[in-house]
Structure formats: structure tokens, C-alpha cells
Amino acid sequence: MDWAIETRGLTKRFDRKLAVDSVDLQIAAGEVYGLIGPNGAGKTTLIRMLATVEKPTIGEIFIDGIPIDHCDHRATLKQRIGFLPDDFPVYDDLNVWDYLDYFGRLYGLRGTRLRERLYDVLDLVQLLPKRDSPIATLSRGMKQRLSLARTIIHEPILLLLDEPVSGLDPIARLEFRNLIRILQSAGMTVLISSHVLSDLAELCSAIGVMELGQLVASAPLDQLYAQFSRQTLVITALDRLDELQAILRTDRRAIAWECNSADGQIKVEFQGDETDCSDLLNELIRAQIPVVEFRRDRESLEQIFLKMGHQQAS
Amino acid sequence: MKPHTSLRSYPWKQAQKTLQIMGDRWLDRLGNWNPQLLREIKGNCTQRNLILVSLAAIATQVIFWIFWQNIAAETATVRSGSEPVYRFYCTGLRDGVERVLCERISATAFAVNWPLWWLDLFFGLSAILLGLLVLVGTQALINNWAQESKQGTLAFIRMTPESSDRILLGKLLGAPALIHWAVLLALPLHTLAGLQGGLGLGGLLLVDGVAVALITTFYLLALFYASTIQSKQGVSGWAFGLLGLFFYFPVLGVARAPMFLVLPLGSAPQLNWFGQNVIAQPELLAGMAIAVLSSLSIALWQSLTRRFDQPDSTFSTKAQSYWLTLGFNLFAIGFFVPWRQDQIHPWGVVGLAWGMVMTVWMALLLPPRQTLLDWARYRHLHKSQDVRSGRSALKDWLWGDNSPSFLALLVNGAITIALWLPWALAFHGPTGVLVLLSIGCATLLMLLYAALVQWVLLWNVRQPIAWAVGLLGIVMIGSIALGVGLGLQDSANFWGWFWLMTPLASLLPSLISEVGNPIALGAAGLAFAINGLAAIAMFCVAMNQLDRLGLSESAALMRGDRLEP
């Protein structure tokens, strides 16, 4: 299989400290891959190496099967990668249009194509009304969107985002998530590192966990949930909670439960798939339990992360 | 009245719009050619800045013109009766000390040598313009680069497919764009003065060619400097500019001599190159200056683009150093061929110049600490650098970018000695031997210093570069003090030869008259041996340290070394 990103034994040392230690990573094309781990785990260094900003000490990186240090393909590879660092520096002496125009030209865009692309990305990041504004006058959220526009001006197929939502307010984060969804639907492969695991849970199709420079886990999100997430059924009834509990006692799939009589709610740790849940609900209805709420809950990504023995610092 | 006003203003608006469209098209074309240049121009040349700079440039020219007019008026003025008057811009007979006796054209006026007046105006204006570029232009470049490094935006530019050549060219032309605009505004007066001064179009182009070559070299040095510093750009930018001026003023002195040869103002100093007195031939001197400055600029350009593409690499490759050493020596030999006894003694000059070139190589070929650590730790993984194969290891030390520079420095010294050997043999006398002695001495000494610097850079200290520079300074000054203490002037004094272990070693033979003195030669041999042994010992210490730092984590633990140096 040709991976959008593949690394083999990727290692980076700073002095004698291993910042990234023999990382073998594979990300499929079109995937949104979340990279999580405590501060200092090596996420930023890994992303900077993938973005060709940092040179690996040893190891290989392949983008679409092409080795990243291959001289003949360097220009082609650069066209394919878009990188947004966590501090997203911009030029305060330019206005929004000139900034994007400059980077568009650096990526080889000219004439009508350049103008079209500038309008497209400004529209996408909702900065069209600000096209003539000096960058120094933009808010942090706008600067961040402008940086994202710079990152995608040349239509890369691989987007590397390092802590893209850090320091943004909830609305800006929501807008950013929507943008990523649009880019994903356009076929981009996205690698995001973030401490906001709820965002990653919404966006990502696969997750990698880094600790002390090593990639200690890497799997599709569904697989992680299946392996580590405990399923909880939340059942609320108007009364007859005792009978409900009696039914649960006879059901082997109900491992444990917690009853809150005041609210009429029982939280059941349930081992089973969707069909099993449906069977249980049918049984409750046949027993004429006045059920007003029956829903499945699963543990959050953060809870899974902690359960895996990692400690997420945010 | 209103419609009438709007009709009157319509053509003006139309013209303004047409101008704007033309300007936009021109900028678009410029941006297509070099996006970096367009970016710098847009960042620097705001309407306000352009108006301010234009006003300042025109005002300065007016003041300069009035000042120069006054000089002419002063020259022409007759103040007293009959005593002879000597003035620089007069026409007339010369006296024994090359003064010009002013010739009267009327009772109230002397004749003014207008071509000379124009020529000196040309020279003065050129000096000011170049000085401005050296001081302010380099400062603008250094600040621009340092700011981009600090912000982290250089990484974005590096990530684009745009070539480093174009980006650097855009920076060179665009970062000091306002200064360039001011210089452009002064070009009409500059050109007029040159033509009126009798330089002719060819002479003007030649002089401007030298000026462009000179300023390009200064700009590249500024960028080179900026790429090595990390912060405090505000202070260091001006410091570089002032240092540039310090070196620029002697260049002015050299430039003025051949320029005034176009007028019969007497003899200029002699400087022979392959038998040609270059000062007597301004075209040859200008051509040589352009060639030398261009070679230096090309070398700097290659270093800069290399560092821009790979910030962790050395400034120069070892192969480049060998070629440049070859070029430098062939150029230097030209000043001593054919050899005449009345010429300046070559040993001191060649030795000192070679010592300086070696110092440059020492700095340019020194791999950064991290590169060296990685090389020491992982060199066994690279087939081409397999230490188990002696041949590959030798190849790596000779040509490899990440290996230490000792062998490359030694090879550069050997190339130099090989090139001077036929010249030395041609004299069959002490002169030739002394030149080789000077080169060998400078090479050994620089090897010692290179090993010392390499060793210090491997120390676990907060600012290893500051430590290395400091220690090197102490060693240099200390050894000179030791030399002074042990006695220099008396060549029969055995200890006097210990000067061979100081940075001034290469100058020593020129200070010694009794070359055949057996005591002196014996002491020289001993000093050389000590110098060589010191270099080898320092090399072993540095390599031992490097090997220790290159141990794997487990090997380091077994040895009891701390993992974190």
C-alpha cells in the first residue's frame, strides 16, 4: 500500500537527547490523523521533520512513496505539503492580500490562476472582507485563519497542523473544525497535533500517541474505541426501577449499573453491539417499563487516553 | 459650476487611473520574475517612506552641489597681489612637490581645472553613495534577515519550491530598497560628473562596475554575518556597517589613485601583478578588482545558498575550499612573478595572508556541534562513511560535509605549499625557503587552533561559541605576550624563535636578518616540532571527546558517562 506519509526509523537528536526515537508511522491518503501526547513528547519535532523544516538525524520519510530527501523530487514534494506551526508567524508590514499573493507566487502561481486562488482561499477562511487590511490589525483568530490560507494557497495534498487551535476561543475552534472538514472532503490528508482531544475525536479517523519521543500507539479511532472504550447505556424510566434492575440482573451483557432513584436513571455498563442494545430495549418495552430515555454513551478520547496509561497534559 | 469642476478633474483622474494600472502591471511582472523582491518592495516602499527618502536625497544633493560650487569659487578667487598661489583645482605649472601654481585668467580670477573639479565631485559623490550603501544598506539587510529568523518565517520561505538563489537575490535588492531609491535619484548627477570629469562612458561603466562588485561583496558579507547571529540584530547591524566603513575607507584611497591618472597629476604607487603595474593601468586594476570581488561574491553566494537550504550544514564544502585555495594562491603568486629583490619581502605577506585564509577556512569548515555529535554517533550507519573501511573513512574526512575539518585544513596547507614550491625552487635561496616556512608555520598553527576550537565546541557549556572565541583569543594574545617576553629582536636568541608558535609566526622570517644562523635554525626546528606536536595532541584530545560523545546510550552507561552531557 502506498501511504500518504510513511516514516521508517525516524530519529531526531538534540544534543544527546532523543526528541524522536525510531518512529515508524503510516498514514493513509485522505485520512485525518490526530497526534496526541504530553508536552515534550516529540510531536512538534516529528511534524517539523515531515514538513522538511527539520532534518532527521537518521531514518527515512516518504511522502506518497517518494523519499523526502530525494533531490530530483524536492520541488514536487514541497508543492504537496502545507505546514501550519503552532505560533503561525505572519508579516505585519503587509496586508492580507499581499501576504497571500507573495506566498502564491513563491509556490509558482501566476496571473489569473493566482487571483482565482487568492479569492478562493480568502473566501474559504472568511477573510475576503479583510483583504486590504494590514495584518497587524487582525485578531489572533483571523491571523490563524490567514495562516491556514497561506498553508493551502498552493493546494497541497498533505496538511500538517501543529496545535492549530491553541489559544482560540470556542467559536474560532468551531470554525476551524469546519474548515478542516471541508479540506478533508476535498481529499487532503491531514495530520493534526492537539491537546484538545474532543476536537480530535470529532475530526480524526486515526490517532497516534507519542511519549518520550516514541510512537507508542497508532490505530484507527474506531479500533481504539472498540478496544478501550467502555459502553454505557443510560436508561431513564418514570417508575418501576426495581423491575428494570431485575431484568438487568438476568442479562449477562449488563456487567454493572448504578441507579439514581431520584432522577429515575440507571447507568449500565453494557457489553454488546447495537443489536444487543436493541434486544434489551425490546425486553424493557415488553415488560412495560415506562422508558423515557434509552441511549448509548461511550468514553471520551481523553478517558481512553488515560486508561491506556498515558497522562495528557493540556 | 459643479459639472464644470468635475469635467476639469476627469482627465486627471483618468491619468491617475492609467498610471495605477501601469504600475500594477509593472509590479505584477516584477513579482513574476522575483516574488521575494516584490514582497520586500511592498513591505518597505510605502508612499510615505518614498516621499521622505526622495526629499532627503534631493536636499542632500542640493547641499552637496552648493558646497562643491563654493570650492570652485574659492579656487578661482584672487585675494592678494603678487605672491604665488597653489590650489588643488587650479590649472598651471607644477612645482617640485607636485603642487599646482594657479594661473590667472583675469585680474580677479584664477583658471579652474574643471575636469579635475568634476572628477573629484564624481569621486566624492560616489564615496558618499557607496558609504551609505555600506552603512545603511547592510544594516537593512541584517535587520531584515534577523527579524525573519526570529519570527520563524524563513522556514516558510524555505518550504516553498522557489530557489534559494532567487530568494537571496530578492532580499539583496529589496531589503535596502529605500536606500537603492535614494542612490538612483543621485545617478544623474553622478553620471554627469563622471562624463564631465573625462572618464568617458567606458570609464564610467568600469568604475560603476567596481562599485557594484564592491557593494555586492559587502551585502553578501552582511547576509553571511546575519545568518550566523541569532539575536541583538539592532546593535550588531550597525556594528557591521561601521566595521564595513572602516574597511571601505582604505579601498577609497586605493581607488582614487588610478582614477586621477587620467589627468597628469604625477606618479601613483606601484603594484605589480605578473609583471604589469596595475595602478598605472586603471582598466587592468578595475578589471582585477571586479574579478577578485566577483570571485569572493560567488564563494559567499554559494555559502549562503547552502546554509539557506540546509541550516545545519557547514558554510562551505571541503571541495569548495580546495578550489578556492587554488585560486587564491595563483592570484597571490602573481604579485611575486617576476621576483625583484627591491620588492616587498614575500614571506611575511604570504604567510600572514595564508594564515588569514586558513582562519576563514577554520570557521567555514567547522561543522556545528549537533552535526558533529550526530556524525560521531551514527557514522557507522552510512555506507559511504563506513569507518571499518579505511578508504571510505579517508574519503569522508576529505570530502564529507559532516566530518571534522582537520584533514581538509591540512590538505589546503599542502595545496598551498605545492603551488609555491616551484616558485621557491626557482630562487635557490633563503627567500623561497622562508616563504614555504611561513606557509607551513601558519598551517600548523591554524590546525592547532582548529583542534582547540573543535574541542571547546564539544564542551557542555551554555554558550560554547563564546567560550571557543574567548579561549582562542586568550591563547593568541598569551602566545604573543610570551613571544615578546622571551625576546624577538635578537635572532641569535634561542627563545626568540618561539614566536613561531604565535599567530604572527608567518611574519617572523621577515624580522630575522640572519637566516643562516645555526642557533636560530635549530630553534626554529624545535619550535616547529613543538607546534606540530601541540596540534597533534590537541587533535587527539578533541577526537577523544568526540568519540566519547558519540557513544551509544548503553555504551555510555557501561562506561559510567552521564547520558546528558
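Residues numbered from 1 in each chain as written. Chains lettered and ligands numbered in written order. Predicted model: local features only at pLDDT ≥ 70, side-chain atom pairs only at ≥ 80, totals over all residues.

**Q** What should I look at first to understand the sheet that holds strand β13 (residues 265-270) of chain A in this one?
**A** Within a sheet, neighbouring strands are paired by backbone hydrogen bonds and run either parallel or antiparallel to one another. Residue and element names in this part refer to chain A. Strand order in the open sheet formed by 4 strands is β12-β13-β11-β14, with antiparallel pairing between adjacent strands. Looking at strand neighbours, the two that pair on one side only are β12 (254-260) and β14 (291-298), the edges of this open sheet. Averaged over all adjacent pairs, the angle separating strand axes in this sheet is 20°, with direction ignored. Relative to β14, strand β11 (residues 231-237) runs antiparallel, the two sharing 7 bridges. Counterpart to Q231 in the pairing with β14 is R298. On top of the sheet, helix α9 (residues 241-250) reaches β11, β12 and β13; it is set at about 170° to β12, its chief contact. (Pairing = 2+ DSSP bridges. Helix = DSSP H or I, 4+ residues; strand = E, 2+ residues; numbered from the N terminus. Axes fitted to C-alpha atoms, helices over the stretch in contact; angles between N-to-C directions. Contact = placed C-beta atoms within 7 Å.)

**Q** What's the story with the pairing of strand β1 (residues 5-14) of chain A in this structure? I'm lost.
**A** It is a general feature of regular strands that their side chains alternate between the two faces of the sheet. All names here are of chain A. Pairing analysis gives 5 bridges linking β1 to strand β4 (residues 58-63), with the strands arranged antiparallel. Among the inter-strand pairings, E6 is bridged to a residue of β4, identified as F62. Turn length for the β1-strand β2 (residues 17-27) hairpin, with the two strands adjacent in sequence and antiparallel, is 2 residues, and the turn residue D15 shows positive phi of about 60°.

**Q** Please clarify how the packing of helix α11 (residues 318-333) of chain B against helix α15 (residues 406-425) of chain B should be interpreted in this entry.
**A** A pair of packed helices can be characterised by two numbers: the angle between their axes and the separation between those axes. Residue and element names in this part refer to chain B. Contact pair α11 / α15: the axes reach a minimum separation of 10 Å and the direction vectors enclose 25°. The orientation of α11 relative to α15 falls into the category roughly parallel. Crossing hand, α11 versus α15: right-handed. Judged by residue contacts, K318, S321, Y322, T325, L326, N329, L330 and I333 of α11 engage A408, V411, N412, I415, T416, L419, W420 and W423 from α15. (Parallel < 35°, antiparallel > 145°, perpendicular 65-115°, else oblique. Left-handed = near helix turned anticlockwise from the far one by under 90°.)

**Q** Even after reading the chapter, I still don't get α11(B), so can you show me in this structure?
**A** For an α-helix, the turn length of 3.6 residues means that residues three or four places apart are oriented alike. Residue and element names in this part refer to chain B. Here α11 spans 23 Å end to end across 16 residues, near enough to the 22 Å set by a 1.5 Å rise per residue. Looking at α11, one finds that the buried residues are K318, S321, L324, T325, F328 and N329. Projected onto a plane normal to the axis of α11, the buried residues spread over an arc of 135° and lie on a single side. Of the exposed residues in α11, the ones pointing more than 90 degrees away from its buried face are A319, W323 and L330. (Expected span 1.5 Å × (residues − 1). Buried ≥ 20, exposed ≤ 12 C-beta atoms within 10 Å, placed from the backbone. Arc of directions from axis to C-beta.)

**Q** Quick question: what am I supposed to make of the nonpolar core here?
**A** One broad rule of soluble globular proteins: the nonpolar side chains tend to lie buried together. The biggest cluster of nonpolar side chains holds 76 residues, and the ones touching the most others in it are A149(A), L160(A), V190(A) and L191(A). Here the element with the most residues in this core is helix α3 (residues 96-106) of chain A; it accounts for 6 residues. With 42 residues, the next largest nonpolar core counts A177(B), L220(B), Y225(B) and A289(B) among its residues. (Core = buried A, V, L, I, M, F, W, Y, C linked by C-beta atoms within 7 Å.)

**Q** Hey, could you run me through the interface of chain B and chain A in this one?
**A** Quite often, the size of an interface is put as the accessible area lost when its parts meet. Between chain B and chain A, the residue contacts involve 25 residues of the former and 26 residues of the latter. Secondary structure elements with two or more residues in the side of chain B that touches chain A: α1 (2-33), α2 (35-44), α5 (154-159) and α13 (369-378) of chain B. Here the side of chain B that touches chain A is composed, by residue class, of 11 nonpolar, 8 polar and 6 charged. (Nonpolar A, V, L, I, M, F, W, Y, C, P; charged D, E, K, R; others polar.)

**Q** Just to check I follow, could you spell out the environment of G202(B) for this structure?
**A** With respect to the helices and strands, the residue G202(B) is situated in helix α8 (residues 200-228). C-alpha separation for the pair G202(B) and K17(B), spaced 185 residues apart in sequence, amounts to 41 Å.

**Q** I tried to follow the sheet that holds strand β7 (residues 158-162) of chain A on my own but got confused; where do I start?
**A** Residue and element names in this part refer to chain A. The strand order across the open sheet built from 6 strands is β6-β7-β8-β3-β9-β10, with neighbouring strands paired in mixed fashion. With partners counted over all chains shown, the strands left at the sheet margins are β6 (81-84) and β10 (214-220), one partner each. Between one strand axis and the next, the sheet turns through 15° on average, direction left out of account. Against the sheet, helix α8 (residues 221-228) contacts β9 (206-211) and β10, and its axis sits at roughly 95° relative to β10.

**Q** Even after reading the chapter, I still don't get the environment of Q288(A), so can you show me in this structure?
**A** Residue and element names in this part refer to chain A. Among the structural elements, Q288 can be located in the loop between α10 (274-286) and β14. Under the C-beta neighbour-count criterion, Q288 is labelled exposed, with 9 such atoms within 10 Å. Between the C-alpha atom of Q288 and that of A262, which follows or precedes it by 26 residues, the distance is 20 Å.

**Q** How should the domain arrangement of chain B be read in this particular structure?
**A** Residues and elements named next belong to chain B. Examined at the domain level, chain B breaks down into domain 1 (50-67 + 113-309) and domain 2 (318-559). The interface of domain 1 with domain 2 comprises 8 residues on the first partner and 8 residues on the second. The set of elements that each furnish at least two residues to the side of domain 1 that touches domain 2 consists of β1 (272-273) and α10 (282-309). Of the residues that constitute the side of domain 1 that touches domain 2, the class distribution is 3 nonpolar, 5 polar and no charged. (Domains from an automatic or database assignment.)

**Q** Got a minute to help me understand unusual backbone geometry in this structure?
**A** For residues besides glycine, phi is generally negative; the peptide bonds are generally trans as well. Residues and elements named next belong to chain A. One non-glycine residue with positive phi stands out, namely S22, at about 45°. Looking at the element boundaries, S22 is found in strand β2. The partly exposed category is assigned to S22, around which 15 C-beta atoms lie within 10 Å. At D64, a residue that is not glycine, the phi angle is positive and equals roughly 55°. Topologically, D64 is positioned in the loop between β4 and β5 (66-67). For D64, a count of 17 C-beta atoms within 10 Å corresponds to the partly exposed category.

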